[in-house]
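Residues per chain, in single letters:
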Amino acid sequence: MTPPGPPGTPSRPAAVVAAAVAVLAVALLGAGLAQTGTGELRIPADGATSVLRLLVLTGLALHVGELAGRRIAGEGPLPRGLAVPAALLAAAASAALLLLFSAVSGLSLTVVYGLREGRLLLVTANAFALAAFCAASRRPALAVLPLAVAVGAEALRAHPETYQQALGTGLTVVHLTAASLWTGTLLHVLRTLRLRGGGRDVLVRYARTAAWVYAALVVTGTASTLRRLPPDAVLTTAYGRLLLVKLVLFGGASLLALAARGRMGSGGNALAPARVEAAVLGAIVVVSALLTVVPDPRGLLLP
């Protein structure tokens, strides 16, 4: 039996519920708060869209992270798989986005299916559903293919412009894949270490992989920011403000990752900074979802 914590310490279920409520509140209200004083037009149903985008990104990260994490974990007991429910969650959220698009636009589903946005959402929903089927089969690694389709569809959705569309889409594909790998794999590794009661070798293998993922995030994130955000729009647009928050969180996650590496190098316990790092990465996913629903700052460059 686990002894109770000090007086006033919240129980684990209560802490999880409180965190979920906080995340939901930020997802619902964050886009509107970021647009305060900018004069930008509000995106219809931005709160609901943010929540659904968050569920899509979360499902993608959990599934991708489990595929990579199982390879990193090697021999030994593994935590209960989350790939199937994660993919189904992302599929349901993508389908809900399609219904929300139809409701907000006032168009029937048959008309929405013929639009670029509708087609991409339909492809994404079906890709995640197929990924869930693969995850439940005897060859779960096959889910890589439909997950790649989902990432590609999301990247195309994020870049509807005709100017340098291929470049923007390619950057987003790499960035979204790397972000999902960093967040999801770290979570799976931490769950594995908790189940096994330790395992420094697993954390070391993860750190080696994370170094390449981190480099890909820095390069693609920097290129996308320079391409998308005018320098004079950093503080005057919701996108710029949210991006600043994301950069601060990214810096914090980077410092925590370095702290964990330092402790591993000195033979210390790296779990504490790694757990905080995972929480910060979760916050980055929330901000990333908000960035997908605020106005595109490139519109400021148009005459």
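Residues numbered from 1 in each chain as written. Predicted model: local features only at pLDDT ≥ 70, side-chain atom pairs only at ≥ 80, totals over all residues. Heavy atoms only, no water.

(A) Region of the structure containing the layout of surface pockets. Considered as a void within the structure, the second largest pocket measures approximately 1,200 Å³ in volume. Along the wall of the second largest pocket there are 28 residues; nearest its centre are Ala 19, Leu 187, Ala 278, Ala 279 and Gly 282. Broken down by secondary-structure element, the contributors of at least two residues to the lining of the second largest pocket are helix H1 (12-34), helix H2 (46-73), helix H7 (165-196) and helix H10 (271-291). Here the element with the most residues in the lining of the second largest pocket is H1; it accounts for eight residues. (1 Å grid on protein atoms, 1.4 Å probe; cavity = no way out; pocket = protein on both sides within 12 Å on 5 of 7 lines; lining within 4 Å. Points joined across faces, edges and corners; volume = space filled by probe spheres on them. Helix = DSSP H or I, 4+ residues; strand = E, 2+ residues; numbered from the N terminus.)

(B) Main features of the packing of H2 against H10. Two elements in contact, H2 and H10, have axes separated by 8 Å at closest approach and are oriented at 130 degrees. In terms of their interaxial angle, H2 and H10 are classed as oblique. As H2 packs across H10, the resulting crossing turns out to be right-handed. Along its contact with H2, which presents Ser 50, Arg 53, Leu 54, Leu 57 and Thr 58, the element H10 presents Val 285, Val 286, Ser 288, Ala 289 and Leu 290. For the contact of H2 with H10, a count of residues per class yields six nonpolar, three polar and one charged. (Axes fitted to C-alpha atoms, helices over the stretch in contact; angles between N-to-C directions. Parallel < 35°, antiparallel > 145°, perpendicular 65-115°, else oblique. Left-handed = near helix turned anticlockwise from the far one by under 90°. Contact = heavy atoms within 4.5 Å. Nonpolar A, V, L, I, M, F, W, Y, C, P; charged D, E, K, R; others polar.)

(C) Fine view of the packing of H7 against H10. At their nearest, the axes of H7 and H10 sit 10 Å apart, and the two run at 145 degrees to each other. Judged by the sense of rotation from one axis to the other, the crossing of H7 with H10 is left-handed. Where H7 abuts H10, its residues Trp 182, Thr 183, Leu 186, Leu 190 and Leu 193 lie against Leu 271, Ala 274, Arg 275, Glu 277, Ala 278, Leu 281 and Val 285.

(D) Seen up close, the nonpolar core. The biggest cluster of nonpolar side chains holds 29 residues, and the ones touching the most others in it are Leu 54, Leu 60, Phe 128 and Leu 147. Of all elements in the fold, only H2, helix H3 (83-105), helix H5 (116-136), helix H6 (144-158) and H10 reach the threshold of two or more residues within this core. Examining the composition of this core, we find that seven residues originate from one element, H2, more than from any other. In this structure Leu 60 touches Phe 128, Leu 147, Val 151, Leu 176 and Ser 180, once residues within four positions along its chain are discounted. (Core = buried A, V, L, I, M, F, W, Y, C linked by side-chain atoms within 4.5 Å. Buried < 20%, exposed > 50% of the residue type's maximum accessible area, 1.4 Å probe, protein only.)

(E) Seen up close, the side chain of Thr 49. By secondary structure assignment, the location of Thr 49 is in helix H2. The buried category is assigned to Thr 49, whose relative accessible area is 15%. Residue contacts for Thr 49: discarding those within four places in its chain leaves Pro 44, Leu 97, Leu 100 and Val 293.

Functional significance is not addressed by these values, which are geometric in nature.
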